[in-house]
Amino acid sequence: MSASAIFILDMKGKPLISRNYKGDVNMAEIDHFMPLLMQKEEEGALTPLLTHGKVHFLWIKHSNLYLVATTLKNANASLVYSFLYKAVEVFSEYFKELEEESIRDNFVIVYELLDELMDFGFPQTTDSKILQEYITQQGNKLETGRSRVPPTVTNAVSWRSEGIKYKKNEVFIDVIESVNLLVSANGSVLLSEIVGTIKLKVFLSGMPELRLGLNDRVLFELTGLSGNKNKSVELEDVKFHQCVRLSRFDNDRTISFIPPDGDFELMSYRLNTQVKPLIWIESVIEKFSHSRVEIMVKAKGQFKKQSVANSVEIAVPVPSDADSPRFKTSVGSAKYLPEKNVVIWNIKSFPGGKEYLMRAHFGLPSVEKEEVEGRPPIAVKFEIPYFTVSGIQVRYMKIIEKSGYQALPWVRYITQSGGKRIPMRWGATQTRE
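Residues numbered from 1 in each chain as written. Predicted model: local features only at pLDDT ≥ 70, side-chain atom pairs only at ≥ 80, totals over all residues. Heavy atoms only, no water.

**Student:** What should I look at first to understand the pairing of strand S5 (residues 65-71) in this one?
**Tutor:** Residues in a regular strand project their side chains so that they alternate between the two faces of the sheet. Burial analysis of S5 places seven of its seven residues in the buried class, the great majority of the element. Alternating residues of S5 divide into Leu-65, Leu-67, Ala-69 and Thr-71 and Tyr-66, Val-68 and Thr-70, and every residue in both groups is buried. Alignment of strand S4 (residues 55-62) against S5, held across seven bridges, turns out to be antiparallel. Bridge pairing in S5 places Phe-57 opposite Thr-70. Linking S4 to S5, which pair antiparallel, is a turn of two residues; within it Ser-63 sits at a positive phi near 55°. (Buried < 20%, exposed > 50% of the residue type's maximum accessible area, 1.4 Å probe, protein only. Helix = DSSP H or I, 4+ residues; strand = E, 2+ residues; numbered from the N terminus. Pairing = 2+ DSSP bridges.)

**Student:** How do you make sense of the pattern of salt bridges when you look at a structure like this?
**Tutor:** Between side chains of opposite charge, a pair can form when the charged atoms approach closely. The full count for this structure, using the stated rule, is 15 salt bridges. Among the ionic pairs, Lys-86 bridges to Glu-89, the shortest N-O distance being 3.1 Å. One end of the pair is Lys-86 and the other is Glu-89, both in helix H2 (residues 77-95) and three residues apart, which spans about a single turn. Looking at Lys-86, the relative accessible area reads 27%, which means it is partly exposed. Under the relative-accessibility criterion, Glu-89 is labelled partly exposed at 42%. (Salt bridge = Lys/Arg side-chain N within 4 Å of Asp/Glu carboxyl O.)

**Student:** What's the story with the pairing of strand S23 (residues 408-417) in this structure? I'm lost.
**Tutor:** One ladder, built from ten bridges, connects strand S8 (residues 170-183) with S23; its direction is parallel. Across the sheet, Asp-174 pairs through a bridge with Arg-412, a residue of S23. Here strand S21 (residues 378-385) pairs with S23 via three bridges, running antiparallel. Its bridge partner lying in S23, Pro-385 is registered against Ile-414.

**Student:** Would you explain the nonpolar core in this entry?
**Tutor:** One recurring pattern in soluble globular proteins: nonpolar side chains tend to sit buried together. Counting 65 residues, the largest nonpolar core has Ile-198, Leu-200, Leu-212, Phe-257, Leu-266, Ile-279 and Ile-314 as its most contacted members. In this view, Leu-212 contacts Ile-173, Ile-198, Ile-255, Phe-257, Leu-266, Val-394, Tyr-396 and Met-397; residues no more than four positions away in its chain are not counted. Core analysis: the next-biggest nonpolar cluster, separate from the first, contains 33 residues, Val-90, Ile-109, Leu-114 and Leu-117 among them. (Core = buried A, V, L, I, M, F, W, Y, C linked by side-chain atoms within 4.5 Å. Contact = heavy atoms within 4.5 Å.)

Written out as structure tokens, the structure is:
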């Protein structure tokens, strides 16, 4: 079972808009949600699912809004949460920013979308590109739009419209990998993982079928290709866009699909593999009693010399009472952000194998002993084009369309720091009188 009703509430718990899909839950039950949430929050026992009597509230918070689904029965919770996040994505596509004001300004469109997104408590059309074909921003077009259901809604391929034409047929493929690393104070790697996504930008006419080939280790084993001659990777936690034929992938590891038009994420994957830090950071702190502190940070590129890391940002925490900053860098520039108690060292271009230094001098009203464990980590952000840590490669992209036109696939590889940045280690501390 799925949701009985959907509510969008403001920060005080007042319903802005709601849609009753099944009629089995009294709509007044939502009045119990906010008192229950505040009670659980005070008790330190807040959970994403709250219960009042026989009614369950499954909720998420976005900006200054609460999106709440109610149900009486044992609903598929993962389905409901996926729907709520998808609803946020669709509303954001329509209104750019999803917040209380955008809901109040667009009541009619929100009602229309809630009607199309879910039917009798079950998700229906959740692709914003398809919804935008017949639910527009102009209120006077809504009535005429309702009378004509786009063919894509009833097609087997609901994510792509028929009759698409381009003068030049092209496909752009981005292989983007984020590296998440956690390094202890003694230099040992505590956490190491690669999270990758393959994104496509499709400009193809008609209804083409695409087949993507990767250097997948399981595929190599199935086809008898030698792992020594062909560098392969073992993908884990693979997730695909709905357009991919999963049965075919399970049978022979072929990624076959009819793509949506424009931008979309084809797949994501994860690799639990030991990766050395691409930019290694070391630091030495010299404390001069009751006067000042000097921080020396060394950054070294531990990737191929042919590659270059762009937009490198190294965030170095400093004491909260530091003042009178002075910096000296061998490359790039440094600036002090007192509101965040951090020094940001920016390096526009960082070639592999290079090593750079930054010295920061601060005055201190008083120097107190600080334990190494109590210091925030140094964090690094960067992006390396034309490079992947895992070694994943696009071996081929076949484009098949009944008209037989020629299309050009373009591939780009990017490695970047993880979304939560990359914590690095502090080095030695020296104290001088």
